[in-house]
Amino acid sequence: MGKKKTLAGVLLAVATLTVAGCSGGGTPSAEPATVPADPNEVSGAITVLTHRTDLVQNGAMDAYAAEFKKIYPKVKVKFEGLTDYEGEVKIRMNTDDYGDVLMIPAAVSKNDYPKFFAPLGPTGELTAKYRFSDKTDVGGKVYGIAQFGTANGFVYNKSVWKKAGVTKWPTTPQEFLAGLRAIRSRTGAVPYYTNFKDGWPLVQWGGNLGSVTCDSDAGNKLAGAVSPWKQGGELNVSDTLLHDIVKGGLSEKDPNTTNWEASKGMVAKGEIGAMMLGSWSITQMRDAAEKAGAKPDDIGFMPFPVQKDGKFCATVVSDYQQAVNIHSEHKGAARAWIDWFTEKSGYSAKEGAVPTVKSAAMPDTLKDYVDNDVTFVERSETRTGQVNAIDNAAEIGLNTPDYRQKLIDIARGAQSGSLQDFFADLDKRWDEAAKTAGS
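Because the structure is predicted, anything quoted here is derived from the model rather than measured.

Rules and cut-offs
The residue numbers shown here count from 1 along each chain, following its written sequence. Reporting in this predicted model follows two pLDDT cut-offs: at least 70 for local features of residues, and 80 or more for side-chain atom pairs to be given and counted; totals over whole chains, interfaces and linings ignore these cut-offs and use all residues. By convention in this description, side-chain values take in all heavy atoms of the structure and omit both hydrogens and water. Two strands qualify as a pair provided DSSP detects at least 2 bridges between them. Here a strand is any run of E in DSSP of at least two residues, a helix any run of H or I of at least four, and the numbering for each starts at the N terminus. Polar contact is the term for a pair of N or O atoms within 3.5 Å; when the atoms are in protein, one must be able to donate a hydrogen and the other to accept it, and sequence-neighboring residues count only if both atoms are side-chain atoms. Each axis is a line fitted through C-alpha atoms, and for a helix only the stretch in contact is used; angles between axes span 0 to 180 degrees, taken between their N-to-C directions. Angles below 35 degrees are treated as roughly parallel, those above 145 as roughly antiparallel, those between 65 and 115 as roughly perpendicular, and all remaining angles as oblique. Any two residues whose heavy atoms approach within 4.5 Å at even a single point are treated as in contact. Ring pairs shown here join Phe, Tyr and Trp side chains whose ring centres sit within 6.5 Å, with only the six-membered ring taken for Trp; geometry is labelled stacked below 30 degrees between planes, edge-to-face above 60, and tilted in between. The buried label applies to any residue whose accessible area, calculated with a 1.4 Å probe on protein chains only, is under 20% of its type's maximum; exposed applies above 50%, and partly exposed to all values in between. Throughout this description, the term charge over a ring refers to an Arg CZ or Lys NZ atom that lies within 6 Å of the ring centre and within 35 degrees of the ring normal. Cysteine sulfur atoms are paired as a disulfide whenever they come within 2.5 Å of each other.

**Student:** Quick rundown of the sheet that holds strand β4 (residues 121-122)? Include the residues and the values.
**Tutor:** Read from one edge to the other, the open sheet built from 3 strands follows the order β4-β6-β5, with strand pairing classed as antiparallel. Edge positions in the open sheet fall to β4 and β5 (137-138), since each of these has one partner strand only.

**Student:** Break down the environment of arginine 379 for me, citing the residues and quoting the values.
**Tutor:** Here arginine 379 lies in the loop between β15 (375-378) and α15 (384-394). Arginine 379 sits 62 residues away from valine 317 along the chain, and the two C-alpha atoms are 6.5 Å apart. Side-chain polar atoms of arginine 379 contact the backbone oxygen of leucine 209, separated by 2.7 Å.

**Student:** Outline the packing of helix α3 (residues 60-71) against helix α12 (residues 331-343), supporting the account with residue identities and numerical values.
**Tutor:** Two elements in contact, α3 and α12, have axes whose closest approach is 11 Å; the angle formed by their N-to-C orientations is 110 degrees. As the angle between them shows, α3 and α12 are arranged roughly perpendicular. Facing α3, whose interface residues are Met61, Tyr64, Ala65, Glu67, Phe68 and Ile71, α12 presents Ala333, Ala336, Trp337, Trp340 and Phe341.

**Student:** Before we move on, can you summarise the packing of aromatic side chains with the specific residues and values?
**Tutor:** Taken as a whole, this structure holds 32 aromatic pairs when the rule is applied. On the numbers, 6.2 Å between centres and 80 degrees between planes, the contact of phenylalanine 154 with tyrosine 192 is edge-to-face. Of the two residues, phenylalanine 154 is situated in strand β8 (residues 149-157) and tyrosine 192 in strand β9 (residues 190-192); the sequence distance between them amounts to 38 residues. Both residues of the pair, phenylalanine 154 and tyrosine 192, count as buried. Through a chain of ring-to-ring contacts, the aromatic side chains of Tyr64, Phe68, Tyr72, Phe79, Phe148, Trp337, Trp340, Phe341 and Tyr347 assemble into a single cluster. If you follow arginine 412 out to its NZ or CZ, it ends over the ring of phenylalanine 196, 5.9 Å from the centre.

**Student:** A description of the side chain of threonine 342 should follow, citing residues and the corresponding values.
**Tutor:** Along the polypeptide, threonine 342 turns up in helix α12. Its relative accessible area of 10% is what places threonine 342 among the buried residues. Here glutamine 322 takes part through its side chain, which lies 3.0 Å from a polar atom of the side chain of threonine 342.

**Student:** Give a description of the state of the cysteines that names residues and reports values.
**Tutor:** Overall, the coordinates contain 1 disulfide when judged by the stated rule. Paired through a disulfide, cysteine 214 and cysteine 313 show a sulfur-sulfur distance of 1.9 Å. Every disulfide takes its handedness from the sign of the S-S torsion; for cysteine 214 and cysteine 313 that torsion is 100 degrees, giving right-handed. Pair noted here: cysteine 214 is in the loop between β9 and α9 (234-247) and cysteine 313 is in strand β13 (residues 311-318), with a separation of 99 residues, a long-range link.

See below:
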């Protein structure tokens, strides 16, 4: 289960949606959630809502809480692991009862953060210390601190690609497709696995926004009538590759039967060549390899197959952002937990993730990226609110699997239409929405 819900998170990076019917929330508070300098002055029982049901069930979160209590002895931390995190929290946010600490759901529009969450401090101050702070900036204040970040790319089985005769990372979409065709003809593996049925992994494709042009401003540039799927556009390049993979018969035969949990073992055992995921997935795939008696070192991570000036770029985006409920009676304790969990718990390193703290080193899981001079592009999100508004009005859902599921259905002939017509419709809806919303 684990990351099944976590990456609901990572892909919040693409866009945030509006809470349908989310009418709760309090009066915007000018008082930030701060921590007293003396840990003994911090007290209270707090509830942390989390999507990591696996870590709650196996006791890992309680172990973190035990370490936290050594520093803040008067704080008691309780966890609620929610299987349908997005759905359940969205409903609870119509009341005041949505924990003391929670991961900001995708359903909450960025501009509404002050209604639901206590400010954590000035944007300038927090941006100097943490990555991804602009993602939750509203009016010069930050409302969420990322648990960690993730780099985008393809998790792949090195042995499968080597057996297919591909020993270097593809540098163009055409080379990537040729590599998948070689896997199909020379190995028994499924070249690419969509994870269509679970859906959320398809949102990972949107995490490539910025990788194609090495532009940290790529997401902000969607804020307008810009026809995002026009020829040469970042979304056009990324979604065209997904379409061509499926249309070329290079993915599983029946996408309606995919299974996320099973796919981890399939990659580990060399039954799948590659999947588009965030770098958070590397540790899970290597763990799956150990359990299957396969080689963890066979699990690799390659960047999106486009280069600029002879170098690859990989976007680095935020996972779930931790926030303090505006109605919490123990905001100091809640903020103490967020700060400690982000900076001192070791959670980010254990997950093999990009650390939120800027001064921390990149994880060993990204050694291949570091050794091959892949440029990390931290995507700016200063205009996310405007992009959200357009996305919502256009009813496309950049942060949902729906439109890419339709793309796959068109590619495999399950729906009528062409890729060009599909892109033209998306552009038309986006541009019309931009004239009335967010631009």
